[in-house]
Amino acid sequence: AENDGGGARSMIYSHGLDTALSSPIVGLGTGPQVLRGGKFWDSHQTHLTIFLQTGIVGVVAYFMLMLNVFRRLLISPALLGALTAITLYSLGGDLLRRLPIWIMLTLIYYTAISNHRKAK
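Source: prediction; values computed, not measured.

Criteria and thresholds
Residues numbered from 1 in each chain as written. Predicted model: local features only at pLDDT ≥ 70, side-chain atom pairs only at ≥ 80, totals over all residues. Heavy atoms only, no water. Helix = DSSP H or I, 4+ residues; strand = E, 2+ residues; numbered from the N terminus. Buried < 20%, exposed > 50% of the residue type's maximum accessible area, 1.4 Å probe, protein only. Contact = heavy atoms within 4.5 Å. Core = buried A, V, L, I, M, F, W, Y, C linked by side-chain atoms within 4.5 Å. Axes fitted to C-alpha atoms, helices over the stretch in contact; angles between N-to-C directions. Left-handed = near helix turned anticlockwise from the far one by under 90°. Nonpolar A, V, L, I, M, F, W, Y, C, P; charged D, E, K, R; others polar. Parallel < 35°, antiparallel > 145°, perpendicular 65-115°, else oblique. Expected span 1.5 Å × (residues − 1). Bend = angle between axes of the 7 residues up to and from the residue. Polar contact = N/O pair within 3.5 Å; in protein donor to acceptor, adjacent residues only side chain to side chain. pLDDT = per-residue confidence, 0-100.

*Asks:* Give me the overall build of the protein: which residues, what numbers.
*Replies:* Looking only at helices and strands, one finds 4 helices and 2 strands in the protein. Overall, the protein shows an N-to-C arrangement of helices and strands of α-β-β-α-α-α. When each of the 120 residues of the protein is scored for burial, the buried share is 32%. Long-range pairs, those at least 24 residues apart, make up 57% of the contacts in the protein between residues at least 6 apart in sequence.

So, in structure tokens, the structure goes:
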């Protein structure tokens, strides 16, 4: 809280979760959803953003995708390490708004598919 403007993220997370629970199945759609001080904010947390925007349906789809990618990366320690680092970052940051992360995820995914095909 000390390094976060007096707990700003905690407040956004709390309001974000309350907002997400207003439509928990399919979410509220794209865009910032957390109303605070007359302004809408992003949740600044990957998994909360997925829940806010797509509900439990999107959360399940995201975790299925990530499990599938992790499973395919088991044959490549370097790619597994890269995806693990990105996943850990996603627990406290918002990688959905970071273009370099999306580029890395896309490259990791297609490399995993290619490696999986070669292993068969």
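*Asks:* Can you break down the nonpolar core residue by residue, with the values?
*Replies:* Counting residues in hydrophobic clusters, the biggest one holds 20 residues, and the most contacted among them are Leu73, Leu83, Ile86, Leu105 and Ile108. For this core, the secondary structure elements donating two or more residues are helix 1 (8-20), helix 2 (46-73), helix 3 (77-90) and helix 4 (99-119). When residues in this core are grouped by element, the largest group, 9 residues, is from helix 2. Sequence-distant contacts of Leu105, defined by excluding residues within four places in its chain, comprise Leu83, Ile86 and Leu95.

*Asks:* Account for the packing of helix 3 against helix 4, naming residues and giving values.
*Replies:* It is the contact of helix 3 with helix 4, at a shortest axis distance of 11 Å, that shows an interaxial angle of 145 degrees. Once helix 3 is placed against helix 4, the crossing between them reads as left-handed. Contacts between helix 3 and helix 4 involve Leu79, Ala82, Leu83 and Ile86 from the former and Ile101, Met104, Leu105, Ile108, Thr111 and Asn115 from the latter. Its residues assigned to classes, the contact of helix 3 with helix 4 comprises 8 nonpolar, 2 polar and no charged.

*Asks:* Give a detailed account of the environment of Phe70, specifying residues and quantitative values.
*Replies:* In this structure, Phe70 sits in helix 2. Residues Phe70 and Ala119, spaced 49 residues apart in sequence, show a C-alpha to C-alpha distance of 15 Å. For Phe70, the residues in contact, after removing those within four places along its chain, are Leu80, Leu83, Thr84 and Thr87.

*Asks:* Would you mind going over the packing of helix 2 against helix 3 in detail, with residue names and values included?
*Replies:* Contact geometry of helix 2 with helix 3 gives a least axis separation of 12 Å together with a crossing angle of 165 degrees. For the element pair helix 2 / helix 3, the angle class is roughly antiparallel. Crossing angle aside, the handedness with which helix 2 passes helix 3 is left-handed. Taken together, the residues of helix 3 that come into contact with helix 2 (itself represented by Thr46, His47, Tyr62, Met66, Val69, Phe70 and Leu73) are Leu79, Leu80, Leu83, Thr84, Thr87 and Ser90. Across the contact of helix 2 with helix 3, the residue classes break down as 8 nonpolar, 5 polar and no charged.

*Asks:* Explain helix 2 to me, and be specific about the residues and the numbers.
*Replies:* Counting along an α-helix, one turn takes 3.6 residues, and residues three or four places apart therefore face a common direction. Here helix 2 contains 28 residues, and its C-alpha end-to-end distance of 21 Å is more than 12% below the 40 Å for a straight helix at 1.5 Å per residue. Largest kink in helix 2: about 130 degrees, centred on Thr54. Structurally, the start of helix 2 carries an N-cap: the backbone nitrogen of His47 is 2.9 Å from a side-chain oxygen of Gln45.

*Asks:* Please set out the confidence of the model for the protein residue by residue, giving values where relevant.
*Replies:* Per-residue confidence for the protein gives a mean pLDDT of 86, with 95% of residues at or over 70. No element of the protein has a lower mean pLDDT than helix 4, at 82, and none a higher one than helix 2, at 92.

*Asks:* Give me the lowdown on unusual backbone geometry, citing residues and values where you can.
*Replies:* Of note in this structure, His44 is not a glycine but carries a positive phi near 60 degrees. Here His44 lies in the loop between strand 2 (39-41) and helix 2.

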